[in-house]
Amino acid sequence: MDVFRMVGSIALQGGKEASRELEQFDTKGKKTSGTVETLGKITEKTGRIMKRAFIGALAGATALTAGIVKLVKEASDMESVSIAYEVLIGNAEKANKVIADLKQLSAKTPLGFADITKAGQTLMAFGSASEDLEKQITMLGDLAMGQSGKLESVTRAYGKLQAKGRASMEELNMITEAGVPILGALSDQYGVTVEELMKLVATGKVGFTDVHEALSGLTEEGGQFYGMMEKQSQSF
């Protein structure tokens, strides 16, 4: 009987011990589970931070690359302009001076440096002197209302008229299509109607200097297009 009691006591004590072990295991398991969950959250958060950092670094690298490409292109464009102006002017020092003046002009207008230097090349190709470029481009830019497309058209027409030495309806129409009332300005200058003016043009009686004078009148103080580029640049 004592033996059975002893065995029962041992069994009972073992059960209690086992129960305590199970409770401790369960507590440890919960702690472990909580730790794993916490680690998972930390890992997820770290992943998001690393992802944002990677995207930020990638965006920064892309912007840096774009900036470098832009600088390289600008340097290349400047070199091309310098070469072209040196060839057209025939003197490197003089060419650099003209380019510097045109760069200052572009800074004060809505036109880009490339638009202005292209206009300068066109004018010189048609016979303009390099020292007249800044004044001529300012006049033509005002007539074009600071718009690059119109500047190209007006410059080409002006250059052709200059090369011919007289007016023709082809170039006058180009200027008119750009929004410049050149026919009205010339007819006022001659004191005739537009129809009569067209007859004078057809017979070669309207010279380039007459056209230049009419265009200058439109862009000088009191003229319809006076200071137009400056006004346009202030509206941006």
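Before reading on, note that the structure itself is shown above.
Everything numeric in this text was worked out from a predicted model, so none of it was measured.

A.B. asks: Can you help me understand the nonpolar core in this one?
C.D. replies: As a rule of thumb, nonpolar side chains are buried together in soluble globular proteins. Counting residues in each nonpolar core, the largest one holds 46 residues, and the members touching the most others are Tyr-85, Leu-172, Ile-182, Val-211 and Leu-215. Leave out the neighbours within four places in its chain, and Leu-215 touches Met-139, Leu-143, Tyr-158, Ile-175, Val-180 and Ile-182.

A.B. asks: Explain the pattern of salt bridges to me, please; I cannot follow it from the model alone.
C.D. replies: If charged atoms from side chains of opposite charge come close, those side chains can pair. All told, the structure shown has 4 salt bridges when counted by the stated rule. Of the charged contacts, one joins Glu-131 and Lys-94 as a salt bridge, the two residues approaching to 3.7 Å between their closest N and O atoms. Highlighted residues: Glu-131 in the loop between helix H3 (113-125) and helix H4 (133-143) and Lys-94 in helix H2 (residues 92-107), separated in sequence by 37 residues. For Asp-101, the salt bridge is made with Lys-97, and the minimal N-O distance between the two is 2.8 Å. Highlighted residues: Asp-101 and Lys-97, both in helix H2, separated by 4 residues, approximately one helical turn.

A.B. asks: What am I meant to see in the side chain of Ser-168 here?
C.D. replies: In this fold, Ser-168 is placed in the loop between helix H5 (148-164) and helix H6 (169-177). For Ser-168, the contacting residues outside a window of four places in its chain are Leu-161 and Val-201.

A.B. asks: Whenever I open this one, unusual backbone geometry confuses me. Can you help?
C.D. replies: For residues besides glycine, phi is generally negative; the peptide bonds are generally trans as well. A positive phi angle, near 55°, is found at Met-145, a position not held by glycine. Residue position: Met-145 is located in the loop between H4 and H5.

A.B. asks: Just to check I follow, could you spell out the environment of Lys-164 for this structure?
C.D. replies: Following the sequence through the fold, Lys-164 ends up in helix H5. Along the chain, Lys-164 and Gly-207 lie 43 residues apart, while their C-alpha atoms are 8.9 Å from each other. Look past the residues within four positions of Lys-164 in its chain and what remains in contact with it is Glu-170 and Glu-171. Side chain to side chain, Lys-164 and Glu-171 meet in a polar contact 3.0 Å long.

Rules and cut-offs
Residues numbered from 1 in each chain as written. Predicted model: local features only at pLDDT ≥ 70, side-chain atom pairs only at ≥ 80, totals over all residues. Heavy atoms only, no water. Core = buried A, V, L, I, M, F, W, Y, C linked by side-chain atoms within 4.5 Å. Buried < 20%, exposed > 50% of the residue type's maximum accessible area, 1.4 Å probe, protein only. Contact = heavy atoms within 4.5 Å. Salt bridge = Lys/Arg side-chain N within 4 Å of Asp/Glu carboxyl O. Helix = DSSP H or I, 4+ residues; strand = E, 2+ residues; numbered from the N terminus. Polar contact = N/O pair within 3.5 Å; in protein donor to acceptor, adjacent residues only side chain to side chain.

Just geometry here; none of it tells us what the structure is for.
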